[in-house]
Structures are given as C-alpha cells and as structure tokens.
Amino acid sequence: MSGTALAQGIGCVLQTAAGSQRQILRCRDGLTVEAEVGATYNLVDQDRDTRPDAVNLQGRAIFIDSPPQSARRGFQIMTPQAIAAVRGTQWAVDVSGARTSVFVVTGQVAVRRVSGNTRSVSLGPGEGVDVEAGTSPLVVRRWPAPRAAALLARLGR
C-alpha cells in the first residue's frame, strides 16, 4: 500500500515539505509527524479506529507535534531500542544504528527500553535520553544546544 493510501486509511494526509523531500503527516486529531528524508517508519492503528496510535520508527529521525487530544489516547513511538509515550508535546526521535535518542522541545515524554530494564524515565523541555540495548538505568540529560539544534535542523526546525 502506498504511503498516501496508508495515511488516508488512518485519518491522515501525507504532504511533502516545501523545498525538501521531508514527509509531513497531518492527522485529523491534530497530530503531526514530520519525517527526515530517508526515515524508515510506518503508522500503526492498533485499535483500528482509523486514528494512528503509534509510529514504528526503524531508522533516521521524526518530529512529533502531539496536541493534548492525541496524548490522551496514549500515542507512542516504537523503535528497536525504546518506546516513547507522549504526554502532549513536541519532540524528536532518532534511530541510528543500535541507539535511539529522544529529545523533548515542549511538554513531557515517558521513555523506556523495549526489553531488559523497562523502567521508564520522564523527559521535560530541553531534556533527552539515549537508549541502547542493555539493562543499565536510562539517564536523562539536558542536551547541549548544538546537539539539539543539529537534530532539529535535520527535521527542518
């Protein structure tokens, strides 16, 4: 199924960002997902109510703008290393090799490993976490401005 047909099947419209090849999915509940060029991802409608419940991200980065009505339904980003659940916010998730990085612009995001130590951490504005395989506790850090800016620039921000 094409990306456009899949997006429409779950209540979203697929667009291309002006002047770039970045994909932008705008969903009827206000959720917006912007994908970096070359990102490997798909939308998931677990309860089949024609609204996305999650994004399965396998490579590169996406930026999520999730208004409170999307957060209320428990929207998640699933990667090989981590699951990040939104609390009504703007945030970015980057999958690079064996690491998932999550950075919050506004709001709150809970992040946990897919397996191993699954204790979650909560991120606030300007905070991020890098998730790799293993069982060590996740460490929340305030990201340096250059690191945050570099990730957001890849996403047209």
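The shown structure was predicted, so the numbers you read here are calculated from the model rather than taken from an experiment. All residue numbers refer to positions counted from 1 along the written sequence of the respective chain. Totals for whole chains, interfaces and linings use all residues, but because this is a predicted model, local features are given only for residues with pLDDT of at least 70 and pairs of side-chain atoms are given and counted only at 80 or more. Note that the side-chain values use all heavy atoms of the structure and ignore hydrogens as well as water.

> Residue-level account of the pairing of strand β1 (residues 12–16), with values.
The pairing of β1 with strand β2 (residues 23–27) spans five bridges and is antiparallel. When the sheet's bridge partners are listed, Gln15 is paired in β2 with Ile24. DSSP calls a pair of strands paired once it identifies at least 2 bridges connecting them. Counting from the N terminus, the helices are DSSP H or I runs at least four residues long and the strands are E runs at least two residues long. Counted between consecutive antiparallel strands, the loop separating β1 from β2 contains six residues, among which Gly19 sits at a positive phi close to 75 degrees.

> Explain the pairing of strand β5 (residues 54–66) residue by residue, including any values.
When strand β3 (residues 32–35) meets β5, the two strands line up antiparallel, connected through four bridges. Directly across from Thr32, in β5, lies its bridge partner Asp65. Here strand β4 (residues 40–44) runs beside β5; their pairing, made up of five bridges, is antiparallel. Within β5, the residue paired with Tyr41 across the bridge is Leu57. Of the strand pairs in this sheet, β5 and strand β6 (residues 76–78) are connected by three bridges, and their pairing is parallel. Residue pairing for β6: Ala54 is matched across the bridge by Gln76. Across seven bridges, the pairing between β5 and strand β8 (residues 89–96) is antiparallel. Within β8, the position partnered with Ile62 by the bridge is Val93.

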